[in-house]
Amino acid sequence: MKREVSPVLALVLIVVVVGLILGAYYYLSAPRPPKGVKYTPGVPPWMEQGGSYKPTPDYPPAAKTSR
């Protein structure tokens, strides 16, 4: 004797599986800062309150010019 699955139950399972797949894709594809780094989205690190900008060889401090 073959057991039939309710169409409503099948539809609910499909919606849940698709939701899990899309949720995992969204979560895993979102950029995250490295561990130990505090970052406010949309605010550059040098503009954060209490943040300090430290020049590196790749990004030296801006040259002071006068006009």
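Before going into details, it helps to say that this report is about the structure given with it. By convention here, each chain's residues receive numbers from 1 onward along its written sequence. Local features in this predicted model are restricted to residues whose pLDDT is 70 or higher, and side-chain atom pairs enter the listing and the counts only when it is 80 or higher, whereas totals over whole chains, interfaces and linings include all residues. Remark: hydrogens and water are excluded; side-chain values derive from all non-hydrogen atoms of the structure.

1. Some remarks on the overall build of the chain
Here a strand is any run of E in DSSP of at least two residues, a helix any run of H or I of at least four, and the numbering for each starts at the N terminus. From N to C terminus, the chain includes one helix and zero strands. For the chain, buried positions account for 1% of its 67 residues. Note that accessible areas follow from Shrake-Rupley with a 1.4 Å probe, and for residues the cover is restricted to the protein chains shown. With the model as given, the accessible surface of the chain reaches about 7300 Å², and the carbon-plus-sulfur share is 66%. Per-residue accessibility, obtained with a 1.4 Å probe over protein chains only, is compared with the maximum for each type, and a residue is labelled buried under 20%, exposed over 50%, and partly exposed between these values.

2. Focus: helix H1 (residues 7-29)
An expected span of 1.5 Å times one less than the residue number is assigned to each helix. When the terminal C-alpha atoms of H1 are compared, their 33 Å separation across 23 residues agrees well with the 33 Å that a helix rising 1.5 Å per residue should span. Counting buried positions over the 23 residues of H1 gives zero, only a small fraction of the element.

3. Details of a nonpolar patch on the surface
Residues enter a patch when their relative accessible area is above 30% and they make no salt bridge; the linking distance is 9 Å between like charges and 5 Å between nonpolar side chains (Val, Leu, Ile, Met, Phe, Trp, Tyr). What counts as a salt bridge is simple: a side-chain nitrogen of Lys or Arg found within 4 Å of a carboxyl oxygen of Asp or Glu. Taken together, the side chains of Val8, Val12, Val16 and Leu20 define a hydrophobic patch exposed on the protein surface, amounting to about 380 Å² of accessible area. Its place among the elements puts Val16 in helix H1.

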